[in-house]
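Here are the chains, one letter per residue:
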Amino acid sequence: MSEFNVQKSIKAQEEYCKRTGAPHFAPSSGVCWKCNKNIYNPHEKAVLDGKHYFSGITTEKAASELITGCPHCYRTYCD
Ligand SMILES: [Zn+2]
């Protein structure tokens, strides 16, 4: 079960960037300035065959991948 936790994910992404020397693109509060949703919170995208699909960055993903854009509106933070 993937976990969504805003505070933990913000920290996890900061630590990931420090560890890898990558630039920190994600908003410091986690809130996307384009769509005003928190990138570390799940938002339901679709329901297919009774299965719910969510967009959003899990704590696990925040700890293991560089975040360069919004998972909800696909706005990139790189430019
Ligand atoms: Zn967005």
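Heads up: these notes are all about the structure in this document. (Residues numbered from 1 in each chain as written. Predicted model: local features only at pLDDT ≥ 70, side-chain atom pairs only at ≥ 80, totals over all residues. Heavy atoms only, no water.)

Points about the pattern of salt bridges
- Counting across every chain of the model gives two salt bridges.
- Glu3 is the salt-bridge partner of Lys8, the closest N and O atoms lying 3.2 Å from each other.
- For Lys8, a relative accessible area of 44% translates into the label partly exposed.
- Classification of Glu3 as partly exposed rests on a relative accessible area of 37%.
- Note that Lys61 and Glu65 form a salt bridge whose closest N and O atoms lie 3.8 Å from each other.
- On the basis of relative accessibility, which here comes to 37%, the residue Lys61 falls in the partly exposed class. (Salt bridge = Lys/Arg side-chain N within 4 Å of Asp/Glu carboxyl O. Buried < 20%, exposed > 50% of the residue type's maximum accessible area, 1.4 Å probe, protein only.)

Section: the pairing of strand β2 (residues 51-55)
- Relative to β2, strand β1 (residues 43-48) runs antiparallel, the two sharing five bridges. Paired with Val47 across the two strands is His52, which belongs to β2.
- With antiparallel pairing between neighbouring strands as the criterion, β1 and β2 make up a hairpin whose turn holds two residues, including Asp49 at a positive phi of roughly 55°. (Pairing = 2+ DSSP bridges. Helix = DSSP H or I, 4+ residues; strand = E, 2+ residues; numbered from the N terminus.)

Thoughts on the side chain of Ser9
- In this fold, Ser9 is placed in helix α1 (residues 6-20).
- Separated by 3.1 Å, the side chains of Ser9 and Thr59 make a polar contact. (Polar contact = N/O pair within 3.5 Å; in protein donor to acceptor, adjacent residues only side chain to side chain.)

Examining the coordination of the zinc ion
- Surrounding the zinc ion are the protein donor atoms Cys32 (SG), Cys35 (SG), Cys70 (SG) and Cys73 (SG), which sit 2.3 to 2.4 Å from the metal.
- In this structure, the zinc ion is coordinated by four donor atoms arranged in tetrahedral fashion, with angles at the metal of 106 to 112°.
- Along the chain, the residues donating to the zinc ion are arranged with the sequence spacing C-x2-C-x34-C-x2-C. Residue Cys32 is found in the loop between α1 and β1, and its partner Cys73 is found in the segment after α2 (59-64); the two are separated by 41 residues along the sequence. (Donors = N, O, S within 2.8 Å, 3.2 Å for Na, K, Ca; no water. Tetrahedral: all angles 85-135°; square planar, octahedral: opposite > 155°, others 65-115°.)

Digging into the environment of Tyr53
- Topologically, Tyr53 is positioned in strand β2.
- Remark: the alpha-carbon pair of Tyr53 and Pro23, spanning 30 residues in sequence, is separated by 29 Å.

A closer look at the nonpolar core
- Judged by nonpolar contacts, Val6, Ile10, Ala12, Ala26, Cys32, Ile39, Tyr40, Ile57, Ala62, Ile67, Cys70 and Tyr77 together constitute the single largest core of twelve residues.
- Here this core gets three residues from one element, more than from any other, and that element is α1.
- In this structure, Ile39 is in contact with Ala26, Pro27, Gly30, Cys32, Gly56, Ile57, Ile67, Cys70, Pro71, His72 and Tyr77, ignoring residues within four places of it in sequence. (Core = buried A, V, L, I, M, F, W, Y, C linked by side-chain atoms within 4.5 Å. Contact = heavy atoms within 4.5 Å.)

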